[in-house]
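Fold and contact review
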Amino acid sequence: MTASWVVYIDESGDEGFLFDKGSSEWFVLSAVVTQKATDLETVKLVDRVRAQILKRTDHNPLHFRKLKHEHRIPFLHELLQHQTQFGDVQIDWNVIKREQITAYSAKRMGLQLADAVASAFFFGVQLNQYGFVEDRYARMLHPIMYKHSGRYSGYGLKLWPKDIHATLKTRSHLVWLRDVYGFDF
């Protein structure tokens, strides 16, 4: 069976879990899922962002966290314009074979999209040096986030550990997770 989907997975935050030694409080994983038939068209939007928004001609990877705010917004807007709709993704685990999974460097344009999504959510949960979060990026992604039966929690957006809801109740800067993505706190 030939693959019908391509999945790009990336992270944002510090996976070191050395919280008392400077690690970020949050670690965010993201996956951008594209149909194999339209994958090239999807990932080429990175070239458009590089050329039209950043006015760059190089092919160095785009790292969302390194972009200025005024570049992040149109980058996500471009992603929204292209990814207008996701269908229901169902995985038949009986046909997944280890040899079908490949790891690539950040130079892959699809991984740069996954980086943008992970970083968008990271900015929305991790307090910056001034004690604020920037949740606008994660809010912008709402129309293209995966949901099942109208629910994002546990499907397109999963928070860990399971008792995270107690933490959310005490963090006023995370109220957007309830308002936008329907998390119960």
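In this section: the overall build of the protein. Scanning the protein from terminus to terminus reveals seven helices and two strands. Walking the protein from its N terminus toward its C terminus, one meets helices and strands in the order β-β-α-α-α-α-α-α-α. Looking at the protein as a whole, 37% of its 185 residues qualify as buried. Considering only intrachain contacts with a sequence separation of at least 6, the fraction spanning at least 24 residues in the protein is 63%. About 11,900 Å² of surface is accessible on the protein, with carbon and sulfur atoms providing 52% of the total.

Relative to the helices and strands, T34 resides in strand β2 (residues 27-35). Judged by relative accessible area, which is 2%, T34 ranks as buried. Separated by 2.7 Å, the side chains of T34 and D39 make a polar contact.

Before going further, it helps to examine the side chain of Q112. One can find Q112 in helix α4 (residues 109-125). Residue Q112 is classed as buried on the basis of its relative accessible area of 2%. In contact with Q112, not counting residues within four places along its chain, are V46, R50, N60, P61, L62, F75, A106 and K107.

Calculation criteria
Residues numbered from 1 in each chain as written. Predicted model: local features only at pLDDT ≥ 70, side-chain atom pairs only at ≥ 80, totals over all residues. Heavy atoms only, no water. Helix = DSSP H or I, 4+ residues; strand = E, 2+ residues; numbered from the N terminus. Buried < 20%, exposed > 50% of the residue type's maximum accessible area, 1.4 Å probe, protein only. Contact = heavy atoms within 4.5 Å. Areas by Shrake-Rupley, 256 points an atom, 1.4 Å probe, with all protein chains shown as cover. Polar contact = N/O pair within 3.5 Å; in protein donor to acceptor, adjacent residues only side chain to side chain.

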